[in-house]
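# Summary of the model geometry
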Amino acid sequence: MVEGTSREHFLARLGPATSPAAEDLSVDHELLRLVGPEEDLLARFMQEAAGLGMQPRLVQAESLELEMSRLLSELAPVSACLSLADGQLRSLVLRAMHSAGCEARDTTMSRGIAAQYDVDIGITDVCHGVAETGSLILNSAAGRSRGAHLVPPIHLAILYREQILPDLVDFFTATGESELATAQVFVTGPSKTADIEGVLVTGVHGPRAVHILVVDN
Amino acid sequence: MSDDQQRHLLDPKLPYLMGARIDKAMADDAMRTAVTSTTAAKDVLRKEVFANSFAERYPAIKREAARIKAHCLDNLRHYIDKFAGAVEGLGGKVHFASDSQEANRICVAIAKAEGARLCVKSKSMVTEEAFLVRDLEDAGVETVETDLGEFIVQLDRDAPSHIVTPMIHKDRRAAGRAMQRELQVEYSEDPSKLTAIARSYLRDKFRHADLGISGANFLIAESGSLVLCTNEGNAGLSVTSPRVHVVFAGIEKVIPRLSDLPFFLKLLARSGTGQDLTVYTNIISGPRRSSDPDGPEELHFILLDNGRSKVLASDQSELLACIRCGACLNACPVFRAVGGGHAYGAVYSGPIGAALTPLLRGLENYPDLPQASSLCGACHEACPVDIDLPKHFVSLRRAQIEQQIVGWRERLAYRLWAKSMRSALLFRMGSRMGRIALGLLSSRQSGKAGDRRWLMRLPWPMKAWSMDRDLPMPARRSFRQLWKSECGVGKNG
Amino acid sequence: MFNNGFHPEASSLARRMVGVFDGFEYVVTNSASCAAMVREKFPDLFSQDSPDAEAARALAAKTFEFIEFLDRVLALKPEDLGIPWQGVATYHPSCHLRSLGSDPCPSYLAGVDGLDIRPMDKASDCCGFGGTFALKYPKISSTMVREKLASIERTGADFLISNDAGCSLSLLGACHRRGLPIRTLSYAEILAEGLGLLAPDEAQA
Ligand code: SF4
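Residues numbered from 1 in each chain as written. Chains lettered and ligands numbered in written order. Predicted model: local features only at pLDDT ≥ 70, side-chain atom pairs only at ≥ 80, totals over all residues. Heavy atoms only, no water.

## Some points on the sheet that holds strand E1 (residues 55-60) of chain A
Residue and element names in this part refer to chain A. Put simply, the rule is: In this description, strands pair whenever DSSP reports at least two bridges between them. Segments assigned H or I by DSSP are reported as helices when at least four residues long, segments assigned E as strands when at least two residues long, and all are numbered from the N terminus. What makes two residues a contact is simply this: any of their non-hydrogen atoms within 4.5 Å. Only the contacting stretch of a helix is used when fitting its axis, a line to C-alpha atoms as for every element, and angles between N-to-C directions run 0 to 180 degrees.
Spatially, E1-E12-E7-E4-E2-E3 is the arrangement adopted by the six strands of the open sheet, whose pairing is parallel. Only two strands of the sheet have a single partner each, and these edge strands are E1 and strand E3 (103-104). Pairing analysis gives five bridges linking strand E4 (residues 121-125) to strand E7 (residues 154-160), with the strands arranged parallel. Looking across to E7, one finds that Asp125 is bridged to Ile158. Strand contacts of helix H2 (residues 41-51): E1, E7 and strand E12 (209-216), with the helix running at about 150° to E1, the strand carrying the most contacts. The strands touched by helix H4 (residues 87-100) within the sheet are strand E2 (79-83), E3, E4 and E7, with E2 carrying the most contacts at an inclination of about 170°.

## Section: the packing of helix H2 (residues 19-27) of chain B against helix H9 (residues 138-155) of chain C
Filter applied, for reference: Roughly parallel here means an angle under 35 degrees, roughly antiparallel means over 145, roughly perpendicular means 65 to 115, and every remaining angle is called oblique. Crossing handedness is read from the near helix: turned anticlockwise from the far helix by less than a right angle, it gives a left-handed crossing, and turned clockwise, a right-handed one. In the scheme used here, Gly and all other residues not listed as nonpolar or charged are polar, with Ala, Val, Leu, Ile, Met, Phe, Trp, Tyr, Cys and Pro taken as nonpolar and Asp, Glu, Lys and Arg as charged.
Interaxial distance between H2 of chain B and H9 of chain C falls to 10 Å at its minimum, and their mutual angle equals 30°. Considering their axes alone, H2 of chain B and H9 of chain C lie roughly parallel with respect to each other. Read as a crossing pair, H2 of chain B and H9 of chain C show a hand that is left-handed. Counted together, Ile22, Asp23 and Met26 of chain B of H2 of chain B and Lys139, Ile140 and Thr143 of chain C of H9 of chain C form the full contact between these two elements. Along the lines of polarity and charge, the residues of the contact of H2 of chain B with H9 of chain C split into three nonpolar, one polar and two charged.

## Here we look at the interface of chain B and chain A
Just so we agree on the cut-off: The quantity reported as buried area is the accessible area (1.4 Å probe) lost by two parts once they are put together, taken as the sum for both. Salt bridges are counted wherever a side-chain nitrogen of Lys or Arg sits within 4 Å of a carboxyl oxygen of Asp or Glu. Nitrogen and oxygen atoms within 3.5 Å of one another constitute a polar contact, given that in protein one can donate a hydrogen and the other can accept it, and given that sequence-neighbouring residues count only through two side-chain atoms.
Between chain B and chain A, the residue contacts involve 99 residues of the former and 78 residues of the latter. Both faces considered, chain B and chain A share a buried interface measuring about 7,600 Å² in area, 58% of it formed by carbon and sulfur atoms. Across the contact surface, chain B and chain A share seven salt bridges. One salt bridge in this structure joins Arg207 of chain B and Asp118 of chain A, with 2.9 Å as the shortest N-O distance. Across the chain B-chain A interface, the total number found is 45 residue pairs in polar contact (both at pLDDT 80 or more). The dominant element in the side of chain B that touches chain A, judged by the number of residues it contributes, is helix H5 (residues 76-89) of chain B, at ten residues. Residue classes in the side of chain B that touches chain A are distributed as 42 nonpolar, 30 polar and 27 charged. Bridge count between strand E9 (residues 183-187) of chain A and strand E9 (residues 280-284) of chain B: five bridges; the pairing is antiparallel. Note that in E9 of chain B the partner of Val185 of chain A across the bridge is Asn282 of chain B.

## Quick word on the state of the cysteines
Each disulfide is one covalent bond, formed between the sulfur atoms of two cysteines. Residue and element names in this part refer to chain B. Spelled out, the test is: We call a pair of cysteine sulfur atoms a disulfide when they lie within 2.5 Å. Accessibility here uses a 1.4 Å probe with only protein chains present; expressed as a share of the type maximum, an area under 20% marks a residue as buried, one over 50% as exposed, and anything in between as partly exposed.
Across all of its chains, the model carries zero disulfides over all chains by this definition. In this model Cys119 remains outside any disulfide bridge; the closest cysteine sulfur is found in Cys107, 6.8 Å from its own. Cys119 sits in the buried class, given a relative accessible area of 0%.

## Side note on the pattern of salt bridges
All names here are of chain A. If you walk through the whole model with that rule in mind, you get 50 salt bridges over all chains. We note a salt bridge from Asp170 to Arg33, for which the minimum N-O separation is 2.8 Å. Remark: Arg33 occurs in the loop between helix H1 (7-12) and H2 and Asp170 occurs in helix H5 (residues 168-174); sequence separation between them is 137 residues. Each member of the pair Asp170 and Arg33 is classed as buried. As a salt-bridge pair, Arg44 and Glu39 come within 3.6 Å of each other at their nearest N and O atoms.

## Some details on the site of the ligand
Formally: If even one non-hydrogen atom of a residue comes within 4 Å of a molecule or strand, that residue is called near it.
Lining the immediate surroundings of the ligand are Cys322, Ile323, Arg324, Cys325, Gly326, Ala327, Cys328, Ile352, Cys383, Pro384, Val385 and Ile387 of chain B. Grouping the constituent residues of the shell around the ligand by class yields ten nonpolar, one polar and one charged.

## Describing the side chain of Ser122 of chain B
Mapped onto the secondary structure, Ser122 of chain B falls in the loop between strand E2 (118-121) and helix H7 (125-130). Judged by its relative accessible area of 2%, Ser122 of chain B is buried.

## Considering the packing of aromatic side chains
Formally: Here is the rule: rings of Phe, Tyr and Trp (six-membered ring for Trp) pair when centre to centre is within 6.5 Å. Planes less than 30 degrees apart are stacked, more than 60 are edge-to-face, and the remainder are tilted. We call a charge positioned above a ring when the Lys NZ or Arg CZ atom is no farther than 6 Å from the ring centre and deviates by at most 35 degrees from the ring normal.
Tallied over the entire structure, the rule returns 13 aromatic pairs over all chains. A centroid spacing of 5.2 Å and a plane angle of 85° characterise the contact between Phe171 of chain A and Phe172 of chain A, whose relative ring orientation is edge-to-face. On the basis of relative accessibility, which here comes to 4%, the residue Phe171 of chain A falls in the buried class. Residue Phe172 of chain A is classed as buried on the basis of its relative accessible area of 2%. Three or more aromatic residues joined by ring pairs make a cluster, and in this case those are Phe171, Phe172 and Phe186 of chain A. One Lys or Arg, Lys69 of chain B, reaches over the ring of Phe264 of chain B and ends 5.9 Å from the middle of that ring.

## Some thoughts on the sheet that holds strand E5 (residues 218-220) of chain B
Spatially, E8(A)-E5(A)-E6(A)-E9(A)-E9(B)-E6(B)-E5(B)-E8(B) is the arrangement adopted by the eight strands of the open sheet, whose pairing is mixed. This sheet does not close on itself; its edge strands, each paired only once, are strand E8 (164-165) of chain A together with strand E8 (254-255) of chain B. Docked against the sheet, helix H13 (residues 261-273) of chain B engages E9 of chain A together with E5, strand E6 (225-230), E8 and E9 of chain B, running at close to 170° with respect to E5 of chain B.

Printed below as a string of C-alpha cells:
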C-alpha cells in the first residue's frame, strides 16, 4: 500500500510542535440558543417537524400499539426492518405489525444493510428530538442500525415526549461523558433536493416520508 | 471519461485569463439568467432566515465562529495530531498527503487492496480539487457521483459551477437530455421525474458498491469524528452501505470539540441554502464496532495539504476558516455577471475562490482573479465566519505589484498620480489639464441633441468606460474655486 | 490606489492628506467611499505605533460622510429638518456603507416633505463601478450596471439618490447612454435645494 507523507513531516509544515494556547478556548453557547427550556417543547417540536414536511402524530402511551397498527394499515407496507434497542418496545411494534398484516424482516439486523434495500419501511426509536429545529437524533449505539432510517422508502420513528430537547446546543453541551456511538444522525425532514432549477423534490435518496409517533406518558 | 473536459474547464492551461469565458458568458443569456435568479433567490433567503432567527445577535455569533476557527488555525498542528490520534483510537486509519497526486495514489491503493470495482461518492470539493474521479476511473474503479447535481454534471462530462449547487448553470432541459442520452430513458423536463430516475439508478449503485467516498464538512479533533451535512441523504448511503469508507479532507476542516460544532451547524445551512439545518447531519466516529449491526468495516481519512500549509504560514491564513457555505458566491454580483463558476478557471469559484486559488495554485497563474472585483463587500457581509474577502483581494493585488505581475503602464500611471496628488501645484495643474482635455474631447463630439456636457467616446485608459456609459463633463467651476469664492480661503490655499 | 495594491504610493498620499487637514475640527465628505477609505484603511497604511499612524487615526476619528455628520455630530433629527422637496425617487446605498456601519440616509429621506421614495428590489447590489474595476473589466461592470438600472427603472422613479460620487457618476453615465431621464443627486443636494441654497439646475451643471 502507498504510504503517503509521514505524520511528522506533514505536521512539521503546520507550525511549531508545542502550542501553548491550544485547548485554551471557551465559547459562549448561549449566544446560539433559539429555544429555552421554558417553552412548550412538545408544541414547538410538532410545529417545526410538520413545517419540514415530516408527519408527527401525538399519541398517548397506552394507545401506542393501537395507533401504530392504524398507521401501518394506512401505509400498508408489506415488509419492515426494525431498529429498536428496547425489547418491550420491539414486542409492541411486532404486535402492531402483525395486526396490520405487515411482515417483519431481519428484526435483529443480522443481514446487515443489504436486507434494508428490499423492505418498505424502517421503524426506529430515536435518542432525542429537538424542539428548535424539529430534528430527530438517532444513534447506532446498543445494536441500532445506521441504515434503517435511510434506506427504506418510508421511515417511522418513535419519540417520547421527554426526549425532546429545547435547542440543538443542548445536545452538544450535554454529551461528553458517555461514549460516542459510531454513527449519529440528525434527521431534519424527508430527503430532498433543489438541484434542478431550484425546484424542491422530496425523496431523493433517503425516504420520501418520515412519520413520527410522539408518545406522551 | 468525464474528465478531459472537466480538466479543461476547472484545470485550464496556465496562466489562466478570464477573457474568453467572460465573453462566452456574455453571449449566453440563458446561463446568466439561470445563475442570477438562483443565486439572488438564495441570497434573499439567507438574509431572511438570519433576520428571523438570530437577528441582532448574528454579528456576535459570526465573530464567535470566526474566533473558534482562528484558534484552530493558530493551533492546527496540535489539532491535526490530536484528530489523527483519536481516529486511530477508534480503529480508523489516517493518511497524510502533501499534494493531490499523493492523495489520489493513496486512495487508489486502498481501492486496489480491497479489490473495489464500484465506488459511490458524495459531493466533495476537495476531491474535485484533486481530480480524484479521473484517477479512480483510470485505475479501473467505476466511480459514481451520487449528489443529484453532481450526477447530472458527471453524465454531461461537464464541471460543477458552484461549490454548493454544482449544476446551477444548467436547466431542466439539460438534465433531461443528459439522462435520456446516458441512461437510455425517456426524455422528461419534470424535476420530480428526473429525480426519480436518478434515485432508482443510483440505488442500485449504492447497493452494490464496495467503496464509499465522502468529503468532510468538519472533523472533530477531540473525538476523531467526521461530520457530513447533506439534504439528499446520498452521503449517508455512500458511507453506510459499502464495506470501506474513505474520507477526503483538507486540513482546515478540523475543529477542536464536538461542543464547538453547533456554531457551524447553525451557520452553515442558513448561509448556504436558507435552511435551519441540512436534512441530514451525520456524525461518524470510527468504523463499525462489533455491536453495530451495519456500517463500513474500514474507515480511512486522507488529509490533504496541497498548498494549505503555505496559506497557513502567510498573512492570509484567515481564508482557511472558510466553511464552504457558498453564501459569498450567491451574494456576488460578479459571479452572476460571469455566469457562475466556470469563468474562474478553478475548482473554487466566486469570491472565496478568487482569493484562495491564486494562493493555492500560484498568483502568477491567475492574474485576473484578484482584480475582477469591484470590492463591493457583499461577500464579506454574507460570510458567516466573517472573512474580509475584499481585504484579501487588495493584499493579492499588492503582491501582484511587488512581484511585477501588474504591467508597467499601470504601475507608472499610479506613481505619477501619487506624485501629482502629493503636490498642491501639480494637483491643480493636473486637474486643470484634465478639464481642458475633456473640453477638447467634448467639442469634437456632437453629443445626443448637441449636448456638450457629455462625453460618449473616450480614449485609453477611459475607453472601457465609454463602452456602456457616458461621462458627464466636470462642473464649470471646481469645488476648490467655489469654496474659495464663497467661503473664503482654506488653510492650504 | 490603495485598492489596487499600490500601498507605498497610497501611504504617501495619506500622509499628505493627514497634513492638509491637520488643524481642522471635522472633515466632511459627500462620498461614502472616501469616508470609508480614510476611516477604515488610512490607519492601517502605517506601522502601528508610528506618529503617522497616530495622525491617521486622528484624521479617521474626525472624518464623516455628510449624512453621518448630520446624524452623529450635529445630532439633527430627520423629522426636524422638514425640508420641502418634490419628486419620486429611489435610493442606492453605496457599498462602502457596509463598512461604515448603519445607514442613516433612509430616515433622513423619510423626513423630506414631498419626497416619494420607492425602494428598489436590488438596493444592496453594487452598481458595478468599483473604480478601475470598471475600466479593467468593462463587460462585467456593464452587466452589473445593467442589472442595477433595470432595478431602478422598475421603481418608476425620476430621481436616483446616492451619496457616493463613484456610484453616481457610473449610474448617471449609464442612464444617459440609454436615454433614461433619471437624474442622480445626493442627499446634500436635496438639502441644499430644499433650503434654497442651490438652484435645481445649478447642481447638474
Ligand atoms: S468565504 Fe465565507 S461565505 Fe464564502 S463560502 Fe467560505 S464561509 Fe461561505
